[in-house]
Amino acid sequence: MKVLITGATGLVGKELVAQLRAKGYGVHYLTTSKNKIQHSEDYRGFFWDPSNNEMDTACFEGVQGIVNLAGATIARRWTSSYKKEIQQSRTSSLATLKRGLNAVGDHQVAYLLSASATGIYPDSLTEFYTEQTQTTPTGFLAETVELWEAAAREFTSMGIPTGILRIGLVLSANGGALPEIAKPVRLGVGAPLGSGRQWQSWIHIEDLARMMVFALEERLEGVYNAVGPNPVTNQKLTQEIARILQKPLWLPKIPSWALSAILGEMSQLLTTGQRVSSEKIAMEGFAFTYTNVHQALEEILTS
């Protein structure tokens, strides 16, 4: 199988590329940076610019599956203009892929897998969300995910089966939130954020990439939560990081108002959360390597 990936040079994309190549799959990838284009027998880059509806349609040659991971980072202050960029980068990437496939006409693409996010579920301390949960999107994150998923579902009208992974907090040593969360703990000034009771539905990056490969191989259709089996609170997560790093937690919780003053609307990424179920993907036969947060953090923080 040959797979086309958007967002291949990002945190999750790099892990996915490594796992696909290790299994002998060929990888094509799209990049907006011409100096990131490489060519080898099993790894070939192609230029695209979704903001201007441009792409090299040669990227589809021999491709059976597409994984869409493209989108502007949400870990940046949410000005009005940047909020538009966050949404447009997600919808325009899928729209550009769709136009490219239509332009080629004769292609072998038989499956699309698109990233999404657990942010579509409302903030709650008590709810346990499954893929069947009916929600009315409220707030920027939920509205963004709704637009993102709607753009992915348009591929079904082309006869291409489509899967969507709602990704939670990705734990990795190489980027994302964990190094930033661990940094103050390492310095001895770590503390839970907000109430500390908000849920963190996490997943180890290796499990996330394995889940993507599994979805490609099984051609899973519909929505799946890409989270580990045992969500934890922010306080529990912080405590486990401190325990593994052998650092004390002596400061009081950092209040939500202080985070809001520093980060603005983006602070809700830290002070809100959802407890999300992974049962559906497990029922399909996917087996997690990292089932509890201590196990995952120990592998990442001590390796």
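In what follows, the structure referred to is the one given above.
Residues numbered from 1 in each chain as written. Predicted model: local features only at pLDDT ≥ 70, side-chain atom pairs only at ≥ 80, totals over all residues. Heavy atoms only, no water.

Trainee: Help me out: how do you make sense of the side chain of S267 in this one?
Mentor: Among the secondary structure elements, S267 is positioned in the loop between α7 (256–263) and α8 (268–271). For S267, a relative accessible area of 7% translates into the label buried. Setting aside anything within four residues of it in sequence, one finds S267 in contact with L259 and S260. (Helix = DSSP H or I, 4+ residues; strand = E, 2+ residues; numbered from the N terminus. Buried < 20%, exposed > 50% of the residue type's maximum accessible area, 1.4 Å probe, protein only. Contact = heavy atoms within 4.5 Å.)

Trainee: How should I be thinking about the packing of aromatic side chains in this particular structure?
Mentor: The relative placement of two aromatic rings is captured by the distance of their centres and the angle of their planes. Using the criterion set out here, one finds five aromatic pairs in the structure. Ring centres of F214 and F286 lie 5.7 Å apart, and the angle between their planes is 65°; this geometry places the pair in the edge-to-face category. Placement of F214 in helix α5 (residues 205–218) and of F286 in the loop between α9 (279–283) and α10 (293–302) is noted, with a sequence separation of 72 residues between them. Relative accessible area serves as the criterion here: at 6%, F286 is assigned to the buried category. Considering the side-chain rings of F286 and F288, the 5.0 Å spacing of their centres and the 85° angle between planes classify their relative orientation as edge-to-face. With relative accessibility at 14%, the residue F288 sits in the buried group. Pairwise contacts between aromatic rings join F214, F286 and F288 into one cluster. (Phe/Tyr/Trp six-rings, centres within 6.5 Å; stacked < 30°, edge-to-face > 60°.)

Trainee: Would you mind going over unusual backbone geometry with me for this structure?
Mentor: Only a minority of non-glycine residues have a phi that is not negative, and only a minority of peptide bonds are not trans. The backbone of R219 shows a phi angle near 50°, a positive value even though the residue is not glycine. Tracing the backbone through its elements, the reader meets R219 in the loop between α5 and β12 (222–226). Residue R219 is classed as partly exposed on the basis of its relative accessible area of 42%. Even without a glycine there, the phi angle at Q246 is positive, about 55°. With respect to the secondary-structure elements, Q246 resides in the loop between α6 (234–245) and α7. Given the relative accessible area of 73%, Q246 is considered exposed.

Trainee: Would you explain the nonpolar core in this entry?
Mentor: A general tendency of soluble globular proteins is for nonpolar side chains to be buried together. Core analysis: the biggest nonpolar cluster contains 57 residues, and I5, L16, L20, F60, I66, L97 and M212 have the highest contact counts within it. Broken down by element, the residue count for this core peaks at nine residues, all from α5. For F60, the contacting residues outside a window of four places in its chain are L4, M55, I66, L97, G100, L101, V104 and V109. (Core = buried A, V, L, I, M, F, W, Y, C linked by side-chain atoms within 4.5 Å.)

Trainee: I would appreciate a short explanation of the pairing of strand β1 (residues 2–6) in the present structure.
Mentor: Note on strand geometry: in a regular strand, side chains alternate between the two faces of the sheet. When you tally the buried positions in β1, you get four out of five residues, the bulk of the element. By the bridge criterion, five bridges tie β1 to strand β2 (residues 26–31) in an arrangement that is parallel. Paired with T6 across the bridge in β2 is L30. A crossover connection joins β1 to the parallel β2 through helix α1 (residues 11–22); in handedness this β-α-β unit is right-handed. (Pairing = 2+ DSSP bridges. Right-handed = clockwise from strand over helix to strand, strands pointing away.)

Trainee: Sorry, what's going on with the pattern of salt bridges here?
Mentor: A side chain with one charge can pair with a side chain of the opposite charge if their charged atoms come near. For the coordinates displayed, the defined rule picks out ten salt bridges. Salt-bridge contacts for K83 lead to E265; the nearest nitrogen and oxygen are separated by 2.9 Å. Of the two residues, K83 is situated in helix α2 (residues 80–104) and E265 in the loop between α7 and α8; the sequence distance between them amounts to 182 residues. The exposure class assigned to E265 is partly exposed, which follows from its relative accessible area of 35%. (Salt bridge = Lys/Arg side-chain N within 4 Å of Asp/Glu carboxyl O.)

Trainee: Quick question: what am I supposed to make of the sheet that holds strand β6 (residues 111–117) here?
Mentor: Through backbone hydrogen bonds, the strands of a sheet pair up, either in parallel or in antiparallel fashion. Spatial ordering of the open sheet is given by β4-β3-β2-β1-β5-β6-β8-β12, a layout of eight strands whose pairing is mixed. Because the sheet does not close on itself, it has two edges, and the strands there are β4 (54–55) and β12. Here strand β5 (residues 65–68) runs beside β6; their pairing, made up of four bridges, is parallel. Paired with I66 across the bridge in β6 is L112. Each of β1, β2, β3 (43–49) and β5 is contacted by α1, which is oriented at about 175° to β1, the strand it contacts most. Those strands touched by helix α3 (residues 140–153) are β5, β6, β8 (162–167) and β12, and its axis lies near 175° from that of β6. (Axes fitted to C-alpha atoms, helices over the stretch in contact; angles between N-to-C directions.)

Purely spatial values, then, with no claim about function.
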